[in-house]
Amino acid sequence: GAVALLSGCEIPDSDAVQNVLWRMSRWNDGMQAAIFDPNKRAPTYPESAITRPFPFNAFYAEAEAPRVDAGSYRLELGGLIRDRASWSLDSLYALPHTSQVTRHICVEGWSAIGKWGGVTFKTFLERVGADLTAKYVGFKCADDYYTSIDMPTALHPQTLLAFKFADQVLPV
């Protein structure tokens, strides 16, 4: 909202502008917290509703996606957690597994239904001793994409650390 007010203008890196942006961010956080219901579930669908082919979406073509060697891959952890040991894919696959057929709604405005499998993110966060009172969980991917989600969303029972799609290990 604050940036929309300033669109088309050069945004100086001043304390006044930063204060407006931080106030708007805190307002957004408050509104999201007010309307978020940790007990409300996203709709689930039958497997016949899965979107095939599922859209590939990135800032590069699918053929340009980074190749990750499954044998040497390690999920590196940091931040407000007790156990910072890295995780191999095999150790992630050994966690209690669940699956769900839900709609992925991309921030770019498209959506598609898929069958996702993995471990509930809450289970993973508890396993590594994460501070569940932290505000956010951040992610940085192999292709340098990064994002974050708020902790209530991370702890929602349908939020997964997904490593399968349609019962197969996620492809590139």
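Residues numbered from 1 in each chain as written. Predicted model: local features only at pLDDT ≥ 70, side-chain atom pairs only at ≥ 80, totals over all residues. Heavy atoms only, no water.

### Description of the pattern of salt bridges
Pairing is possible between side chains of opposite charge, provided their charged atoms come close. The cut-off we apply is this: Just to be clear on terms, a salt bridge is a Lys or Arg side-chain nitrogen sitting within 4 Å of an Asp or Glu carboxyl oxygen. Helix numbering and strand numbering both begin at the N terminus, where a helix is a DSSP run of H or I of at least 4 residues and a strand a DSSP run of E of at least 2.
Taken as a whole, this structure holds three salt bridges when the rule is applied. Across the salt bridge formed by Glu 47 and Lys 115, the nearest N and O atoms sit 2.9 Å from each other. Of this pair, Glu 47 sits in the loop between α2 (15–35) and α3 (89–93) while Lys 115 is found in strand β2 (residues 111–120), placing the two residues 68 residues apart along the sequence. Note that Asp 167 and Lys 115 form a salt bridge whose closest N and O atoms lie 3.0 Å from each other.

### What to know about the environment of Leu 89
How we decide: To sort residues, take the accessible area from a 1.4 Å probe on protein chains only and compare it with the maximum for the residue type: under 20% means buried, over 50% means exposed, and anything in between is partly exposed.
If you trace the backbone, Leu 89 turns up in helix α3. Judged by relative accessible area, which is 16%, Leu 89 ranks as buried. For the pair Leu 89 and Phe 163, spaced 74 residues apart in the sequence, the C-alpha separation amounts to 8.8 Å.

### Examining the pairing of strand β4 (residues 146–150)
Selection rule: Pairing between two strands is assigned when DSSP locates at least 2 bridges connecting them.
Both strand β3 (residues 136–140) and β4 contribute to a ladder of five bridges, which runs antiparallel. Considered in β4, the bridge of Phe 139 is made with Thr 147.

### Section: the confidence of the model for the protein
Stated precisely, the cut-off is as follows: pLDDT: the predictor's confidence for each residue, scored from 0 to 100.
The pLDDT averaged across the protein works out to 89; a share of 93% of its residues lies at or above 70. Looking at the elements of the protein, mean pLDDT is at its lowest for helix α1 (residues 2–5), recorded as 52, and at its highest for helix α4 (residues 121–127), recorded as 97.

### What about the environment of Lys 40?
Turning to its location among the elements, Lys 40 is positioned in the loop between α2 and α3. Separated by 36 residues in the primary sequence, Lys 40 and Glu 76 place their C-alpha atoms 31 Å from one another.

### Quick look at the pairing of β2
Across a regular strand the side chains alternate sides, sitting on one face of the sheet and then on the other. Where burial is concerned, most of β2 is hidden: nine out of the ten residues are buried. Across eight bridges, the pairing between strand β1 (residues 98–105) and β2 is antiparallel. Of the residues in β2, the one forming a bridge with Ile 105 is Ser 111. Relative to strand β5 (residues 160–165), β2 runs antiparallel, the two being bridged by five bridges. Bridge pairing links Gly 117 to Lys 164 in β5.

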